[in-house]
Amino acid sequence: MSLRLAVLASGRGSNLQVILDAITAGTLDAEVVGAWSDRGDAQALVRARDAGLPAYAIRPRDFTDRAAHDHALFGALDAAAPDLIVCAGYMRLIGADVLASRAGRMINIHPSLLPAFKGLHTHQRALDAGATEHGASVHYVTAELDGGPVIAQARVPVLPGDDAAHLSARVLTHEHPLLLETLRWIAAGRVRLHEDGVHVDGRRADGPLQLAATRRFA
Ligand code: GRF
């Protein structure tokens, strides 16, 4: 049975698009049950609708507080019965109480080599720190912002003359295959979250899977 994905996105939706394209191409055994955003104008919602999928804006300003918004969002997600919730550029903090019951069933893609550069403006911060390497991580979501167990990473060189826009564009080209490969591993039942961390093929992983080491994604 294919993996049922619910995608949360606040903006452009290029990660959602590569998921949709891979499913159409038959290279990812999954289905997207819907897209949810905290913004009505998110391009991600347009992409979902163009693919004939349900797409919903659940806007924080329509709720009295964060807990009420979380409750509405996760109530809607639960009704769609996803196997996995994928945060693909979802820019809003989610409360610990709704996350607790979803351990191992929610992932996020973040544009840095976690644990470095959690939070916003990762590309500029990597440049400011003089990093020679940057990248992206896919991790399980926990209550700690960008702090959950890391499943896989893609490493990207920082090149002379890079600015945040160039570096961000280079990282994005690696984010897409990273997210897809991670989803394939999860869909195949090869990656799971246990109490002691991420397990791959039934064993505790000794570190994040590295996209560049393609044999580990065989
Ligand atoms: C990506 O860089 C992702 O890592 C970050 O937000 C961006 C989303 O891009 N969390 P897109 O909306 O999928 O194009």
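Treat the numbers as computed from the prediction; the structure is a model and nothing was measured.

Trainee: Mind showing me how you'd approach the side chain of Asp162 here?
Mentor: For Asp162, the location among the structural elements is in the loop between strand S7 (150–157) and helix H6 (164–187). Within the structure, the side chain of Asp162 is placed 2.8 Å from the backbone nitrogen of Leu159, a separation counted as a polar contact.

Trainee: Looking at this model, I keep getting lost on the pairing of strand S2 (residues 30–37). Mind explaining?
Mentor: Both faces of the sheet carry side chains from a regular strand, because those side chains alternate between them. Counting buried residues in S2 gives 7 out of 8 residues, a clear majority hidden from the surface. Across 6 bridges, the pairing between strand S1 (residues 3–8) and S2 is parallel. Paired with Leu8 across the strands is Trp36, a residue of S2. For the segment spanning S1, helix H1 (residues 14–25) and S2, crossover handedness is right-handed. In this sheet, strand S3 (residues 55–57) lies alongside S2 in parallel orientation, the contact comprising 3 bridges. Following the sheet pairing, Ser37 is matched in S3 by Ala57. In this fold, S2 hands off to helix H2 (residues 43–50), which returns the chain to S3; that crossover is right-handed.

Trainee: Would you explain the sheet that holds strand S6 (residues 133–140) in this entry?
Mentor: The strands that make up a sheet pair up through hydrogen bonds in the backbone, lying either parallel or antiparallel. As summarised here, the arrangement of the 8 strands in space is S3-S2-S1-S4-S5-S6-S7-S11, forming an open sheet in which the pairing is mixed. Of all strands in the sheet, those bounded by a partner on one side alone are S3 and strand S11 (209–210). Looking at chain direction, S7 and S11 are connected through 2 bridges and run parallel. Bridge pairing links Gln153 to Gln210 in S11.

The rules behind these values
Residues numbered from 1 in each chain as written. Predicted model: local features only at pLDDT ≥ 70, side-chain atom pairs only at ≥ 80, totals over all residues. Heavy atoms only, no water. Helix = DSSP H or I, 4+ residues; strand = E, 2+ residues; numbered from the N terminus. Polar contact = N/O pair within 3.5 Å; in protein donor to acceptor, adjacent residues only side chain to side chain. Buried < 20%, exposed > 50% of the residue type's maximum accessible area, 1.4 Å probe, protein only. Pairing = 2+ DSSP bridges. Right-handed = clockwise from strand over helix to strand, strands pointing away.

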